[in-house]
2 protein chains.
Amino acid sequence: MTVDLVKMGQAAKKASYELGQLSTDEKNQALLKMAEALQDKAAEIMEANALDLDQAKKADLKASFVDRLVLDEGRIEGMAAGLRQIAGLEDPIGQVDRAWVNYAGLEISQRRVPLGVIGIIYEARPNVTVDATGLCFKAGNAVMLRGGKEALRTNIKLVEILRSVLTKLGINPDAVQILTETSHELANEFMALTGYLDVLIPRGSARLIKAVVANAKVPVIETGAGNCHIYVDATADLEMAAAIVYNAKVQRPSVCNATEKLLVHQDVAAEFLPLLAAKLAQASVELRGDEQACQILGSSCKAATAADWDTEYNDYILAIKVVSSLDQAIDHINAHNTKHSEAIITNDYNNSQAFLDRIDAAAVYVNASTRFTDGGEFGFGAEIGISTQKLHARGPMGLRELTSTKYVIRGTGQVRK
Amino acid sequence: MTVDLVKMGQAAKKASYELGQLSTDEKNQALLKMAEALQDKAAEIMEANALDLDQAKKADLKASFVDRLVLDEGRIEGMAAGLRQIAGLEDPIGQVDRAWVNYAGLEISQRRVPLGVIGIIYEARPNVTVDATGLCFKAGNAVMLRGGKEALRTNIKLVEILRSVLTKLGINPDAVQILTETSHELANEFMALTGYLDVLIPRGSARLIKAVVANAKVPVIETGAGNCHIYVDATADLEMAAAIVYNAKVQRPSVCNATEKLLVHQDVAAEFLPLLAAKLAQASVELRGDEQACQILGSSCKAATAADWDTEYNDYILAIKVVSSLDQAIDHINAHNTKHSEAIITNDYNNSQAFLDRIDAAAVYVNASTRFTDGGEFGFGAEIGISTQKLHARGPMGLRELTSTKYVIRGTGQVRK
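Because the structure is predicted, anything quoted here is derived from the model rather than measured.

Visitor: Teacher, can you tell me more about the interface of chain B and chain A here?
Guide: Contacts between the two partners involve 71 residues from chain B, matched on the other side by 71 residues from chain A. Each partner contributes to the roughly 5,900 Å² buried at the junction of chain B and chain A, and carbon and sulfur atoms together form 50% of this total. Taken together, the links from chain B to chain A amount to 8 salt bridges. Measuring nitrogen to oxygen at the nearest pair gives 4.0 Å for the salt bridge that ties Lys390(B) to Asp198(A).

And the structure:
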């Protein structure tokens, strides 16, 4: 292999120590200059991108795949705008989470510091190259990028531009590095780069994430999979429930916070399901139901199989189950969800509290669409992904989630007794 | 294998959901009852312990090993006192880290929740069985324990007692489970129990921790290794420096926050080292120095080898290096430390700030002993270990570090646009 990962890792570590000492202003200036450079060099980027596109077309890749690969002026502007937005976000580095004086008179403070070196593994989406770099950089971290092979030429050009901006500003360009080879062997070596990678974040399909979680030797933040549920309680405002389910299913079905499953209380199923089905029919949503749901809906509903309850469709499909109680709904969700986002539609106060308390998920909702689980919607400004694990970060991850802490302790000669 | 880990994991998961709903009072009552039960059943515990001790003696295990295995009335009282102390600590569960209303009028709050199911892998120290269970329980987590084989009978008895208290109080006893087999195959299966174990915390020797980090498929919190440094700057108060180095080296050399390395500025080395050596001689500390240090100290100093700079002695040994600048000290520490605890002794303000800013470690000190890196000393009341990784928790881990968060979102029918 021509790529020396250990050497890259050492360079990244060194750069990360330097990045950690930059002021917020210095980082913001760099981000704005990166944005400018991307727009200035749009022609070069599109030239590199054309080579990737040629190859993708020759390889007869799916149109939707090729579409995500394309960079035109508009998309390059979009990437630049993303960097400018990140420049405008609050810098978490140096913030103090808590500070106190201990019994011995030591001043102890817990200070936000960068994680260090962050690895990103992603698919053939060049925007991730810029977006992930911007977020990691703003939080003072070096990045090592491993993108999909189909976008390699585009990614190399993007990284070249970003690095040249850093060099011009006197910042160590090894803050941004890309693996210029995309073999599986090298990817596996990358996932085992302990001592250099402080964390690895996979961004992309469930398959990619699963592979990374299974193979990585370095700490991973698991993102993405979303088998999200909405439970319509007996006391729900059924118009509101239909509007929320419609939004959560149809507004953007391909994403992880889209709802995949509907649970409905038996007392309102007969009234609610036909109302909902009529609405979902406008978007040609396929319905798969348990026995009771199919009885109510008739031919517009297919029979769901056991596998349906654990499947994230990312498509215009909704599986429906009729339940006899809130308890049954909660137990079903905790048994089948991916710990992402879950909602109850209800007007019963106790039920709303029980649902919020007892559902095990990154985000639990009362009377709102699961589609709000997103860094932008939450007000974080941007996100690197949505964590579905419980360690370190849970839910939408913004800049703060790309940091760690250290204890800073000032004494006057204290020794331990 | 007679132990069915998946079944245990399912039971633990179920218990964890129930534990997460207990009030602080219910958890505290249970901890106090556990303490009482340990003291009431001291005779039974010592009986089981005697069987372990017999076997350990027959196996001709080291005296220090056997000593850590022994449970007498005093130690059982100590374990009970530990549980009572945990009952007195603030409960992190239900605390809200932040709360706000987003642009769409959703009330969003980030609430502390238990991690879920915590696995603990440890050596033949029965006190860990009780201590780890107490901390995990108070933070609303179920535990699955895998202790050293030499303490198996003692551990089984302890867990039996703790579980019977839970049963009597109407709490699901599967909140506390122990692996009753200690084969390596089962340990490996345990470390790969994804879907049930939310996190695995190894407690014990560097070798154990390394093995767990290398083999685990579930998220691990790495604890423990401490190659800690003290840097004595040119402007240090040398009496203070000697007192701090003495304390950090000698007060308890076997622990991870003991100092292993001394860096000293060349301008004060000739004055400081003999002063320090005389003091350390009182505790028969072996000195290993670089060329300059050995020149100053003469025959009381052995030549250090390259390996010394990366070795955690956990013993009465100190390696000494003379440096020409603060930068050299910082670079040496960042290259050789285990990211645990590092101190500068100085009276130079700028140097103190540079050291705090640039050293990469869980705890960085000015003018104090590294021995303070400890949950008790920090004021956390108790600790489950000291994390040397950057994800999730860094430094002493108290109850708060045994929790995760979830976003609780209350709406009035909001859908995403």
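Visitor: Where do I start with a positive patch on the surface in this structure?
Guide: All names here are of chain A. A cluster of like positive charges, contributed by Lys62, Arg68, Arg125 and Arg252, occupies part of the molecular surface. With respect to the element layout, Arg125 can be found in the loop between β3 (117-122) and α6 (126-138). Since its relative accessible area comes to 35%, Arg125 is described here as partly exposed.

Visitor: Help me understand the sheet that holds strand β4 (residues 142-146) of chain A in this model?
Guide: The strands making up a sheet associate through hydrogen bonds between their backbones, and the pairing can be parallel or antiparallel. All names here are of chain A. Strands sit in the order β5-β4-β3-β6 across an open sheet of 4 strands; the sheet is parallel. A single partner strand is all that each edge strand has here, and the edge strands are β5 (176-178) and β6 (199-203). Here the average twist between neighbouring strands, direction ignored, is 20°. Note that β4 and β5 share 3 bridges and pair parallel. Within the sheet, the bridge partner assigned to Leu145 lies in β5 and is Ile178. Of the strands in this sheet, β3, β4 and β5 touch helix α1 (residues 5-19), which is tilted by about 145° from β4. In the packing of helix α9 (residues 206-215) onto the sheet, the strands contacted are β3 and β6, and the crossing angle to β6 comes to about 160°.

Visitor: Just checking my understanding: could you explain the relation of the copies chain B and chain A for this structure?
Guide: Related by rotation about an axis and a shift along that axis, the two copies of the chain form a pair. Once turned by 180° and shifted 0.0 Å along the axis, chain B lies on chain A with an RMSD of 0.0 Å. Overall, the copies show the geometry of a two-fold rotation axis. Relative to the rotation axis, the closest C-alpha in chain B is found at His392(B), a distance of 1.8 Å. A symmetric contact is evident, with 100% of the interface residues of chain B recurring at the interface of chain A.

Visitor: What should I look at first to understand the pattern of salt bridges in this one?
Guide: Here the idea is simple: oppositely charged side chains can pair when their charged atoms come close. Within the structure shown, the criterion is met by 48 salt bridges over all chains. Taking the shortest distance from any N to any O, the salt bridge between Arg112(A) and Asp97(A) comes out at 2.6 Å. Note that Arg112(A) is positioned in strand β2 (residues 107-114) and Asp97(A) in strand β1 (residues 96-101), a separation of 15 residues in sequence. Given the relative accessible area of 11%, Arg112(A) is considered buried. Looking at Asp97(A), the relative accessible area reads 30%, which means it is partly exposed. The partner of Asp198(B) in a salt bridge is Lys13(B), with the nearest N and O atoms 3.1 Å apart.

Basis of the calculations
Residues numbered from 1 in each chain as written. Chains lettered and ligands numbered in written order. Predicted model: local features only at pLDDT ≥ 70, side-chain atom pairs only at ≥ 80, totals over all residues. Heavy atoms only, no water. Contact = heavy atoms within 4.5 Å. Buried area = accessible area lost by both parts, 1.4 Å probe. Salt bridge = Lys/Arg side-chain N within 4 Å of Asp/Glu carboxyl O. Patch = residues over 30% accessible without salt bridge, like charges linked within 9 Å, V, L, I, M, F, W, Y side chains within 5 Å. Areas by Shrake-Rupley, 256 points an atom, 1.4 Å probe, with all protein chains shown as cover. Lys, Arg positive; Asp, Glu negative; His and termini not counted. Charge placed at Lys NZ, Arg CZ, Asp CG, Glu CD. Helix = DSSP H or I, 4+ residues; strand = E, 2+ residues; numbered from the N terminus. Buried < 20%, exposed > 50% of the residue type's maximum accessible area, 1.4 Å probe, protein only. Pairing = 2+ DSSP bridges. Axes fitted to C-alpha atoms, helices over the stretch in contact; angles between N-to-C directions. Least-squares fit on C-alpha atoms with pLDDT ≥ 70 in both.

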